[in-house]
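These are the residues of each chain, in order.
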Amino acid sequence: MKKILVFCSILPVTLTLHAQSKVFKEVGEDISTQIKAISQDNAMVGYLAFTRLERASADSFNYRVTIMDENLNDIGTVNFRQESLELQVVSFEQNVLCLGYTQTGAGSAGHIVVQFIDLNGKMINTYYREVRLTVPSAYARARPVNLMGFLKYGMQIRNIPNGGFGLFYGDEVKQYLLRFNIKGVLTHEQEVTAYGQRFYLRATTAYLYLLIKTDVHVPEGGFKLYVYSAKDLNGENNFDLRDAAGDWLKVLSFENDPATGDAFIAGCIINPKRELHFITADDYSYIPYLGLFTLDLGRPDKDMRANCSYWADKKFPGISDDGLFAAKEFYVRYITAIRDFSGNTIFAGTALIEKQTGKDKYKLSDGVFVRQEPSGNVALDNNFPCDETKLFGPSGALYELDKKSFYPVTNPDTRTNYMIVDDEQNIYVYNINAKRVMRTIQHKDGNIKIDVFPAKEGHVMVAEYNKKEKYTRFSIEAL
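This structure is a prediction, so every number in the text was calculated from the model and none was measured. Every chain begins its residue count from 1, and numbering advances along the sequence as written. Residue-level local features of this predicted model are given only where pLDDT is at least 70; pairs of side-chain atoms are given and counted only at 80 or more, and the full residue set underlies all totals for whole chains, interfaces and linings. Hydrogens and water molecules were not included; the side-chain quantities draw on all heavy atoms of the structure.

## Quick word on the nonpolar core
The line we're drawing: Nine residue types can take part in a nonpolar core, namely buried Ala, Val, Leu, Ile, Met, Phe, Trp, Tyr and Cys, and a core is a set of them joined through side-chain atoms within 4.5 Å. Relative accessible area decides the class of each residue, using a 1.4 Å probe on protein chains only: under 20% of the type maximum gives buried, over 50% gives exposed, and in between gives partly exposed. In this text, helices come from DSSP runs of H or I with a minimum length of four residues, and strands from runs of E with a minimum of two, each type numbered from the N-terminal end. The contact criterion used throughout is that any non-hydrogen atoms of two residues lie within 4.5 Å.
In this structure, Leu292, Tyr334, Phe347, Leu352 and Val370 are the most contacted members of the largest nonpolar core, which totals 32 residues. Mapped onto this core, the elements with two or more residues apiece are strand S21 (263-270), helix H1 (281-284), strand S22 (289-296), strand S24 (330-339), strand S25 (345-356) and strand S26 (360-372). It is S24 that contributes the most residues to this core, 5 residues altogether. Those residues in contact with leucine 352 that lie beyond four places of it in its chain are Ala281, Tyr284, Glu329, Phe330, Tyr331, Tyr362, Lys363, Leu364, Phe392 and Leu398. Ile67, Phe80, Leu87 and Leu119 belong to the second-largest nonpolar core, a separate cluster that totals 20 residues.

## Overview of the sheet that holds strand S14 (residues 175-180)
Filter applied, for reference: A pair of strands counts as paired when DSSP detects no fewer than two bridges linking them. Only the stretch in contact is used when a helix axis is fitted, and all axes are lines through C-alpha atoms; the angle between N-to-C directions ranges over 0 to 180 degrees.
One open sheet accounts for 4 strands, arranged S12-S13-S14-S15; its pairing is antiparallel. Bordering the open sheet on either side are strand S12 (155-160) and strand S15 (186-192), each of which pairs with just one other strand. Averaged over neighbouring strand pairs, the angle between their axes works out to 15° when direction is ignored. Of the strand pairs in this sheet, S14 and S15 are connected by 6 bridges, and their pairing is antiparallel. Counterpart to tyrosine 176 in the pairing with S15 is glutamate 191.

## Let's talk about the sheet that holds strand S18 (residues 223-229)
Strand order across the open sheet formed by 4 strands is S16-S17-S18-S19, with antiparallel pairing between neighbours. Two strands lie at the open edges of the sheet, namely strand S16 (198-203) and strand S19 (235-240), each paired on one side alone. Across this sheet, the average inter-strand angle for adjacent strands is 15°, counted without regard to direction. One ladder, built from 5 bridges, connects S18 with S19; its direction is antiparallel. Along S19, the bridge assignment pairs lysine 224 with aspartate 240.

## Structural notes on the pairing of S26
Across the 13 residues that make up S26, a large majority, 11, are buried. The pairing of S26 with strand S27 (residues 378-384) spans 6 bridges and is classified as antiparallel. Along S27, the bridge assignment pairs valine 370 with leucine 380. The turn linking S26 back onto S27 is made up of 5 residues, and glycine 376 within it adopts a positive phi angle of 100°.

## Description of the packing of aromatic side chains
Selection criterion: Centre distance within 6.5 Å is the pairing criterion for rings of Phe, Tyr and Trp, where only the six-membered ring of Trp is used; planes under 30 degrees apart are then read as stacked, over 60 as edge-to-face, and the remainder as tilted.
Enumeration over the complete set of coordinates arrives at 20 aromatic pairs. Relative to tyrosine 430, the ring of phenylalanine 369 lies with its centre 4.5 Å away and its plane at 15°, an arrangement referred to as stacked. Of this pair, phenylalanine 369 sits in strand S26 while tyrosine 430 sits in strand S30 (residues 426-431), placing them 61 residues apart in sequence. Grouping residues by exposure puts phenylalanine 369 and tyrosine 430 together as buried. Among the aromatic residues, those joined into a ring-pair cluster are Phe50, Phe61, Tyr63, Phe80 and Tyr101.

## Regarding the pattern of salt bridges
Rules: Every case where a carboxyl oxygen of Asp or Glu lies within 4 Å of a side-chain nitrogen of Lys or Arg is listed as a salt bridge.
Tallied over the entire structure, the rule returns 19 salt bridges. Measuring nitrogen to oxygen at the nearest pair gives 3.1 Å for the salt bridge that ties glutamate 373 to arginine 371. A salt bridge links aspartate 381 to lysine 435, with the shortest nitrogen-to-oxygen separation between them at 3.6 Å. Here aspartate 381, found in strand S27, pairs with lysine 435, found in the loop between S30 and strand S31 (436-442); they are 54 residues apart in sequence, far enough to count as distant. For aspartate 381, a relative accessible area of 10% corresponds to the buried category. Using a relative accessible area of 39% as the deciding quantity, one classes lysine 435 as partly exposed.

The quantities given are spatial measurements derived from coordinates; they are silent on function.
See below:
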């Protein structure tokens, strides 16, 4: 078991002979199980089942953590008793699992609880910190109901390669970065004083990166990147995400390059004249974005590098100066981006097609992949048919109409990139290298709901929920 990640899902399709599966049944209202994938360096290497068992006392429960390898085989179990916990995130480094929980107390008082467990189920260390949780209120039959509190800005944990773990959390009062060594000992902490609406953490061997959405006046832009030393959390750098002309950048992806391990950011260059106009189909015909960008964040021996490609430069055959792919007659609603093993950034999204019917009508159709090369050249990599929408007017809100979600899967052994395109009716498993759909799976089959998620390298997790029989089956299948 070399890496691990976290998902919840299910599916009953014909399984291959090598598929591994596990079934979880609903056996009572008080007993519940969460499945989390274990991640290392943003890759999935196994799974964890967190089960709340029977109540142990008036204010505590018995819990069980079951550790599974990448084929869903049990390899370790730990049982413990604790006040009411909610598992938030799991990470993995050097055969040590790091689990982050929130623990709700009286009122808004609560704790973050961080457990460090080896793969045999031995508890290495547990860290507690008091926090101020946000507690929603609800009423049932005119009586108040106690609900689990949550962190206003959430909790994120990233493994630091050969170094331990970085953790970010933000409550009602403050936000902090914490660094733990591999033994689960807190070595450094840093208060994050910058105002933000959203926070995103990434880690490399040398740096921790905290991307913060700071400017409320630019809905899709307004990001600032803070760079900290992975050894001691000393601040190294911070800067706004803008291009050389000062235009804000929209972030689609903030990940690690599968070939180098370096962090990168990719997305769209926002048109400053259209910062507030990106919602409708009509907006897309008036150039909300000037082009695409990739920012390679580098490392101590490699400089940061920005690769910006602008439609108006008219350097890209087949792409007009407003971003229209002329031969296909569609714009692209860009959703996410990944790096391949050749240094290209592959942008994924949905085709937006304008139909001439006497009145302006549009539809959302194909899954689209656009390639930005290291030279800055941009080209259509491929498009394939997905679930189409009905025709809608120019004021149609695209974020409501577009049902596609995109999940990347990477196989470093074969240097292959896949994308799971989860649409309204079907799930498409697409091989980016081969430029073809490997598999199509329907979402529902009678009482069974099917979902597909990334799994170990070169595989997917198929999740199947049977509403009638009240069970969930998780299967790992090769692509």
